[in-house]
Amino acid sequence: MLMADVALFPEQASTIAPSVDHIYCFIIGTTVAVSSVVAILVIYFAIKYRRRSEAPPKPIVGSLLLESLWSGIPLLIVLVMFVWAARVYFEIVTPPQDAIDVFVVGRQWMWTVQHRDGQREKNEMHVPVGKPVKITLASEDVIHSFFVPDFRVKQDAVPGRYTHMWFEATKPGRYRLYCAEYCGTEHSKMIGWIVVQDPAEHEEWLSSRADLSMAQRGRQLFLRFQCVTCHSGDSQAKAPNLEGLYNRPVRLRDGTDVPAANDDYFRESILNPPAKVVAGYEPIMPTYQGIVTEEELLQLVAFIRALRPGETPPRNEQSTAPQSDPKAREPKPFQQK
Ligand code: CUA
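Residues numbered from 1 in each chain as written. Predicted model: local features only at pLDDT ≥ 70, side-chain atom pairs only at ≥ 80, totals over all residues. Heavy atoms only, no water.

Caption draft 1: Here's a closer look at the pattern of salt bridges. Considering all chains together, one arrives at 11 salt bridges under this definition. A salt bridge links E295 to R120; the nearest nitrogen and oxygen atoms lie 3.9 Å apart. Note that E295 is positioned in helix α7 (residues 294-306) and R120 in strand β3 (residues 120-122), a separation of 175 residues in sequence. Taking relative accessible area as the criterion, E295 reaches 9% and is therefore assigned buried. A salt bridge links E124 to R174; the shortest N-O distance between them is 3.5 Å. Of this pair, E124 sits in strand β4 (residues 124-128) while R174 sits in strand β9 (residues 173-179), and the two are 50 residues apart along the sequence. When salt bridges with common partners are traced through the structure, they connect R107, R120, E140 and E295 into a single cluster. (Salt bridge = Lys/Arg side-chain N within 4 Å of Asp/Glu carboxyl O. Helix = DSSP H or I, 4+ residues; strand = E, 2+ residues; numbered from the N terminus. Buried < 20%, exposed > 50% of the residue type's maximum accessible area, 1.4 Å probe, protein only.)

The following block contains the structure:
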């Protein structure tokens, strides 16, 4: 078999993949080099200093130069590894500003994917080539781990919080998606595909699957759960106005501040309302723990994020968004593949 046939690494299909592999090669190379030197010296010294007479050998008292070298050189090597890997790590954990948002919920035992414009998928994620994609991960039950070996990215989906990851695919194709955290009996079946498409093809795919956007679904939920009764946006409201609140600082009842009302803040406020009560309001909101799913939470947050001044729906509005096609009012059942 030719060496070229041996797949030592998975395919490099993201912008970060070569950087990760370079570090990996450096670490493997260093390990092989150091181990070889040690192994060769062990054999060499074993032969050279084998017992040949009863006369005791002269003891070695020590050498400052030698000791400095064998401490200094390894220190330098591991510092190179540390600084280099840290730089790549920061690149991996910092999504670019212009990244496309995709939302993923892990549950026993599948991945559900939502795009901003409402397209939903199961165990599959369609993304365009050459564009950064930021993934917000949530879990409905236990810890899962979103792992795409060809992209060299892996991130846990942790119950009770949002985690993030990003990648930019470099070539169209289908790439394996795995769950990389043992999550129960069917963990090994929690697999899927990342489908990387040409931008034009991706646009076409998006428009062919267009549906109510996440924000529109969130608006329906906002009415269905009666959030609007208190978050009515007017001056007599019993709860804070949510218009234009996303990413803005919030002063709390206890005098502390939330620096930015982000996804995690809204998620917590829906599931555990007494945790961070806004200044000037009473802790009267009931919890929605066990009532909303993680997918619905993402939709509610998308709605709040898109909510501009004056856009809070009127209290008496039907719990469906206005749509010309009555069939389009109900969210479509999840498509089985
Ligand atoms: Cu989900 Cu393993």
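Caption draft 2: Representation of unusual backbone geometry within the structure. The residue after Q108, namely W109, is reached through a cis peptide bond having omega -5°. The residue W109 is located in the loop between β1 (100-107) and β2 (110-115) in this model. You will see that R152, though not glycine, has its phi angle at about 60°, which is positive. For R152, the location among the structural elements is in the loop between β6 (144-148) and β7 (153-157). The class for R152 is buried, based on a relative accessible area of 13%. Positive phi, normally seen in glycine, also occurs at N247, with a value near 70°. Note on placement: N247 falls in the loop between α5 (227-230) and β11 (250-251).

Caption draft 3: Highlighting the packing of aromatic side chains. Under the criterion given, the structure shown has 12 aromatic pairs. Seen from their ring centres, F147 and Y178 are 6.4 Å apart, and the 40° between their planes marks the pair as tilted. Separated by 31 residues along the polypeptide, F147 in strand β6 and Y178 in strand β9 bring together distant segments of the chain. By relative accessible area, which is 25% here, F147 ends up partly exposed. Taking the relative accessible area as the measure of exposure, Y178 reaches 33% and is therefore partly exposed. Every member of this aromatic cluster is reached through a ring pair, and the members are Y44, F45 and Y49. The cationic tip of K154 hangs over the ring face of F147; the distance from NZ or CZ to the ring centre is 4.6 Å. Above the plane of the ring of W193 lies R174, whose end atom (NZ or CZ) is 4.6 Å from the centre. (Phe/Tyr/Trp six-rings, centres within 6.5 Å; stacked < 30°, edge-to-face > 60°. Lys NZ or Arg CZ within 6 Å of the ring centre and 35° of its normal.)

Caption draft 4: Helix α4 (residues 214-224), seen in detail. Among the 11 residues of α4, eight are classified as buried, and the element is accordingly described as predominantly covered. For α4, the set of buried residues is M214, R217, G218, R219, Q220, L221, F222 and L223. Its buried side turned inward, α4 meets β1, β2, β3, α5 and α7. After α4 finishes, the residue Q226 shows a positive phi value of roughly 65°. (Contact = heavy atoms within 4.5 Å.)

Caption draft 5: Layout of the packing of α4 against α7. Here α4 crosses α7 at 100°, and the two axes come no closer than 7 Å. If you check the angle between α4 and α7, you find them roughly perpendicular. Mapping the contact onto sequence places M214, A215, R217, G218, R219, L221, F222 and R224 in α4 and E296, L298, Q299, L300, A302, F303 and A306 in α7. Its residues assigned to classes, the contact of α4 with α7 shows nine nonpolar, two polar and four charged. (Axes fitted to C-alpha atoms, helices over the stretch in contact; angles between N-to-C directions. Parallel < 35°, antiparallel > 145°, perpendicular 65-115°, else oblique. Nonpolar A, V, L, I, M, F, W, Y, C, P; charged D, E, K, R; others polar.)

Caption draft 6: Region of interest: the packing of helix α6 (residues 263-271) against α7. Relative to each other, α6 and α7 sit at 120°, their axes nearing to 10 Å. The angle between α6 and α7 places the two elements in the oblique class. Considering only the axes of α6 and α7, their crossing is right-handed. Of α7, the residues touching α6 (which contributes D263, F266, R267, I270 and L271) are E294, L297, L300, V301 and I304. (Left-handed = near helix turned anticlockwise from the far one by under 90°.)

Caption draft 7: Spatial organisation of the pairing of β7. Sheet topology places β6 next to β7; five bridges connect them, and they run antiparallel. Looking at β7, one finds that S145 is bridged to D156. The antiparallel pairing of β6 with β7 creates a hairpin that spans four residues between the two strands, and R152 there sits at a positive phi of about 60°. (Pairing = 2+ DSSP bridges.)

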